[in-house]
Amino acid sequence: MSSTEDLDYPQILFQYNNGFLVSKIMFTACELGVFDLLLESEGSLSSDAIAEHLGTSVSGMERLLDACVGLKLLEVEMKSEGAFYRNTELSNLYLTKSSPKSQYHNLMYYSKTVYLCWHYLTDAVRDGKNQYERAFGVSSKDLFGALYRSEEEMIKFMYGLNAIWSICGRDVIAAFDLSPFTVIYDLGGCAGGLAQECISLYPKSTVTIYDLPKVVQVAKERFVPPEERRITFHEGDFFKDPIPEADLYILARILHDWADGKCMQLLTKMYKACKPGGGVLLVETLLNEDKTGPLEAQLYSMNMLVQAEGKERTPTEYSKLLAAAGFREIQVKKTGKLYDAILGRK
Ligand code: SAM
């Protein structure tokens, strides 16, 4: 009566139903320092030892560790004294704070901020707008005023967003040959993860991180070493203040924050400032033209609804915005990773 496909439906349903439980288990193990402790201990530890080191209950920790085993974030070995746990390669690489590819800060931003906004997803769909008022009691009239509602929140955002470039930065910067562009402005360049990738791949380039003054201050103090002469800074509001001339402007995860009108305002201003022969590199996660996916881009687009004013777009939608601002020779490169690249020329 029922096909094999039918039999999979409950499986899919339960998997979706439990999606947030999975996220929360990973966030909690990260937050408590499970993966850091197991990395430091260079061997396996019992749940009692882990609970004692991390100051948690034994009963809670044992269940958390077992769930991490189920998620393949930990491995377990049964010894005569009981169960002993160790990190998997995935956890060592991405979930420990000290790894160069650590996603710890990204996960913490999801756990402490994004998760709270998503509590109001139904309201966001009803209202068609972000949910800062409900989630945090702050007005979202000024989007980045709401996102940066405290210094602590801004720093969490900066660490959280920067983490991804240690995994995806090289692919987007290498998607096109950017070597002809030497004077580069990373507009909304934030903590500078992408700027670092850019100067390391293109030895003749200099990158100026253009961002709001308080972001630039923190980027200088905490993220970009002062001896890095090829990264400079420019404090400004790209909607209100002048944008200096450059060979290339990078806009990474900027347009997805804004509705079409604001995108056009920024692109038109940038086009005027751009050197003839120069260009713009958009770095975004791209939706398929036929609306079939990719799922990550669709999820991020929902996140833009609860957290920002924009949405994720298709290559055609971005190309239309670039063309309307004056850019030509628009090329799209899908990297096969989370973020893709679009280059437009003046
Ligand atoms: N490009 C970075 C990345 O992909 O990691 C950061 C992207 S984040 C979504 C948006 C960035 O734009 C933040 O660094 C924010 O401070 C900056 N930003 C927002 N509004 C701005 C404005 N009016 N002028 C300058 N920078 C702005």
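Everything numeric here is computed off the predicted structure, so don't read it as measured data.

### Details of the side chain of T208
1) Next: Position of T208 relative to the elements: it lies in strand β5 (residues 206-211).
2) Next: If we ignore the near neighbours within four places in the chain, the residues touching T208 are I184, Y185, D186, T232, F233 and H234.

### Here's the deal with helix α7 (residues 104-118)
1) Next: Here α7 spans 20 Å end to end across 15 residues, near enough to the 21 Å set by a 1.5 Å rise per residue.
2) Next: Remark: the principal bend of α7, roughly 40°, maps to Y110.
3) Next: Residues of α7 that are buried: Y104, N106, L107, M108, Y109, S111, T113, V114 and C117.

### Some words on the pattern of salt bridges
1) Next: A complete count under the given rule lists 13 salt bridges for this structure.
2) Next: With its nearest N and O atoms 3.4 Å apart, the salt bridge here joins R170 to E197. Of this pair, R170 sits in helix α12 (residues 165-173) while E197 sits in helix α13 (residues 193-201), and the two are 27 residues apart along the sequence.
3) Next: A single salt-bridge network, built from bridges that share partners, covers E75, E77 and R86.

### Focus on the sheet that holds strand β3 (residues 82-87)
1) Next: If you walk across this open sheet you meet the three strands as β1-β3-β2, and the pairing is antiparallel. Of all strands in the sheet, those bounded by a partner on one side alone are β1 (45-46) and β2 (74-79).
2) Next: Of the pairings in the sheet, the one linking β2 to β3 comprises six bridges and is antiparallel in character. Note on β3: the bridge partner recorded for K79 is G82.

### What to know about the state of the cysteines
1) Next: Tallied over the entire structure, the rule returns zero disulfides.
2) Next: Of all cysteine sulfurs, the one in C30 lies closest to C68, which takes part in no disulfide; the gap is 8.7 Å.
3) Next: Cysteine C274 is unpaired, with the sulfur of C198 as its nearest cysteine sulfur at 15 Å.

### Side note on helix α3 (residues 34-41)
1) Next: For α3, every residue scored as buried is listed here: V34, F35, D36, L37 and L38.
2) Next: Note on α3: the residue one or two positions beyond its end, E42, has a positive phi of about 50°.

### Let's talk about the domain arrangement of the chain
1) Next: As far as domains go, the chain holds domain 1 (4-95), domain 2 (104-159) and domain 3 (169-345).
2) Next: For domain 2 versus domain 3, the distance between C-alpha centres works out to 22 Å.
3) Next: Across the contact, 26 residues belong to domain 2 and 20 residues belong to domain 3.
4) Next: Contact between domain 2 and domain 3 buries roughly 1,900 Å² in total, counting both sides, with carbon and sulfur atoms accounting for 69%.

### Focus on the layout of surface pockets
1) Next: Each pocket or cavity is described by its volume, and for the second largest pocket that value is around 240 Å³.
2) Next: Along the wall of the second largest pocket there are 15 residues; nearest its centre are P100, S102, N162, A163 and S166.
3) Next: Of all the secondary structure elements, the ones that give two or more residues to the lining of the second largest pocket are α7, α11 (151-162), α12 and α13.
4) Next: Sort the elements by how many residues they give to the lining of the second largest pocket and α13 lands first, with three residues.
5) Next: Split by residue class, the lining of the second largest pocket holds six nonpolar, seven polar and two charged.

Each value, and the rule that gives it
Residues numbered from 1 in each chain as written. Predicted model: local features only at pLDDT ≥ 70, side-chain atom pairs only at ≥ 80, totals over all residues. Heavy atoms only, no water. Helix = DSSP H or I, 4+ residues; strand = E, 2+ residues; numbered from the N terminus. Contact = heavy atoms within 4.5 Å. Expected span 1.5 Å × (residues − 1). Bend = angle between axes of the 7 residues up to and from the residue. Buried < 20%, exposed > 50% of the residue type's maximum accessible area, 1.4 Å probe, protein only. Salt bridge = Lys/Arg side-chain N within 4 Å of Asp/Glu carboxyl O. Pairing = 2+ DSSP bridges. Disulfide = S-S within 2.5 Å. Domains from an automatic or database assignment. Buried area = accessible area lost by both parts, 1.4 Å probe. 1 Å grid on protein atoms, 1.4 Å probe; cavity = no way out; pocket = protein on both sides within 12 Å on 5 of 7 lines; lining within 4 Å. Points joined across faces, edges and corners; volume = space filled by probe spheres on them. Nonpolar A, V, L, I, M, F, W, Y, C, P; charged D, E, K, R; others polar.

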